[in-house]
Amino acid sequence: MRTQQTDSSTQLKTATPFYDSVTPDNSNLTTPSGEQQQGGQGLPSCYVRLLKHYLFGLAIRVSTVIVVIAILIAIGLGLKYTDNMPQPVDYSNLQFNWRIDPRSYLTPFNTSFGQYNVLLDGHSHSIRSDGKMNVRQLLDWHIANGYNAVIVTDHNTIKGGLEAEQLALQDEYYRDNIVVIPGIEYSCCRIHMNLININESIPIGPPEPTDEQLQQVIQRVHELGGLVIVNHIPWSNTTEDNYEEARLPNHPSVESLIQWGVDGFEVVNGNTFDYETYIAAAQHNLIQMVGSDIHYPSAAYSWLTVKSEEFSRQGIMNAINARRTSFLIDPAGTRPRDYPSASAKYETLLPLSALGEYFDMFYTVNKGMYSFQGTFCHPQSVKIHNSVIGWFIFWIIILMTVYELVRLAIIYSTSQIRRRIQHLS
């Protein structure tokens, strides 16, 4: 009976190391089938089995990594190109509880301009196009920053302007503090123009209008009793990123626009003073408009000073037509700000949506400037970054190799610990 127990114990101790130990001693090795393999006589069959087992497991692990990466890429890029995703910040709770008086520290550009009663912003946007503030917030921001008149000019739509004017006329607080003049920022791939003091939309398009079509727009606005102001020429002629041409290609020259009958030019946009266009407008006695071009709450940099006989839309437009205007400019901008709060919905999806920003390192999509008519103004292209993809694969291989080495070290260590425990028992 004692002999049988000893034999059984010996078989258990010789069979176990082939699966638990990474480097079994093959000088006097017994296989699970009971065959003995002497050292130096070829690769033991247990090694072959162990190698096959390891390679099979490695293939599964590599396949798993590939599938997981593919799923993460699909999720990240899928969310990146999904419409109506939550925005990073929430603009719904903005409060502009301050009052700036630019007259207290700024002098009109025309130093002999004298007294004035209107401070107007000639260019602004609401959520009706690409702005972040609704019309109530837009009016509150203007009042806080010293304006008492604003022209609301959403891209290719009159809705924001009419909505803001209706609020200003119906609400007593706004009626006493600010006048709204509706307008449209006519936007295409050649030019942006503010069409102001109109009550209806005009035909928009095509994205790349001809000279004749632009002249028809100007004529139609005049028929409606409005004015045409050419916007931000320096911005329009700035080189578009990744393209060696203007942001708005084939922009009409100032000379051509004057010949076509535009009423004026935006000589200050944000904190950019277009001095050359200002000189041209002054020489031809055209309107010299200034505008914040506000899309989201930021600083105010310029105010159109107007000598208006009455505090009304018509009174202000009469003064602008009569050229009873100058402007204030503060390149540093006003100081008070209110910042939007973080969006809880955005933060919920951020761990997944951020994958899209990470994986788009593999490629670059160049679209150029948006036409605001559903197209882009430059040829679109996609560039695949092969070197980045190559280095990504390289580092994945490095990480997988490190993982395998650590895994084997852990397996070997635990095997040795188990063998010592067995010997002690």
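Overview of the structure.

Each value, and the rule that gives it
Residues numbered from 1 in each chain as written. Predicted model: local features only at pLDDT ≥ 70, side-chain atom pairs only at ≥ 80, totals over all residues. Heavy atoms only, no water. Helix = DSSP H or I, 4+ residues; strand = E, 2+ residues; numbered from the N terminus. Contact = heavy atoms within 4.5 Å. Areas by Shrake-Rupley, 256 points an atom, 1.4 Å probe, with all protein chains shown as cover. Buried < 20%, exposed > 50% of the residue type's maximum accessible area, 1.4 Å probe, protein only. Arc of directions from axis to C-beta. Core = buried A, V, L, I, M, F, W, Y, C linked by side-chain atoms within 4.5 Å. Axes fitted to C-alpha atoms, helices over the stretch in contact; angles between N-to-C directions. Parallel < 35°, antiparallel > 145°, perpendicular 65-115°, else oblique. Left-handed = near helix turned anticlockwise from the far one by under 90°. Nonpolar A, V, L, I, M, F, W, Y, C, P; charged D, E, K, R; others polar.

1. Side note on the overall build of the protein
For the protein, the count of helices and strands is 13 helices and 16 strands. Within the protein, counting contacts between residues at least 6 apart in sequence, those at least 24 apart form 69% of the total. Entry remark: accessible area of the protein is about 23200 Å², with carbon and sulfur atoms responsible for 54%.

2. Quick word on helix 10 (residues 275–283)
By the burial criterion, the buried members of helix 10 are Thr277, Tyr278, Ala280 and Ala281. Along the long axis of helix 10, the arc covered by the buried residues comes to 165°, so they all point the same way. Of the residues in helix 10, the exposed ones pointing more than 90 degrees away from the buried face are Glu276 and Gln283. Summarising the contacts, the buried residues of helix 10 are in contact with helix 8 (233–237), helix 9 (254–260), strand 9 (264–269), strand 10 (272–273), strand 11 (287–291) and strand 13 (325–329). Trailing helix 10 by a residue or two, Asn285 shows a phi angle of about 55°, which is positive.

3. Quick look at unusual backbone geometry
Going from Gly205 to Pro206, the amide bond is cis rather than trans, its omega being 0°. You can see Pro206 is positioned in the loop between strand 7 (192–196) and helix 7 (211–223).

4. Considerations on the nonpolar core
Formed by 29 residues in total, the largest nonpolar core has its most connected members in Phe96, Met133, Leu139, Trp141, Tyr174, Val180 and Trp303. Listing elements by their share of this core, those giving two or more residues are helix 4 (135–144), strand 5 (149–155) and helix 5 (159–170). Residues within four places of Met133 in sequence aside, it is in contact with Leu94, Phe96, Ser126, Ile127, Leu138, Trp141, Ile294, His295, Tyr296 and Pro297. Among the nonpolar cores identified, the runner-up in size contains 24 residues, and Ile158, Tyr186, Ile218 and Val262 belong to it.

5. Focus on the packing of helix 3 (residues 45–80) against helix 13 (residues 386–424)
Where helix 3 meets helix 13, the closest approach of the two axes is 12 Å, and the angle between their N-to-C directions is 140°. Comparing the axis directions of helix 3 and helix 13 gives the class oblique. Both helix 3 and helix 13 take part in a crossing whose hand is right-handed. Two secondary-structure elements touch here, helix 3 through Tyr54, Leu58, Arg61, Val62, Val65 and Ile69 and helix 13 through Phe392, Ile396, Met400, Tyr403, Glu404, Arg407 and Leu408. Class assignment of the residues belonging to the contact of helix 3 with helix 13 gives a composition of 10 nonpolar, no polar and 3 charged.

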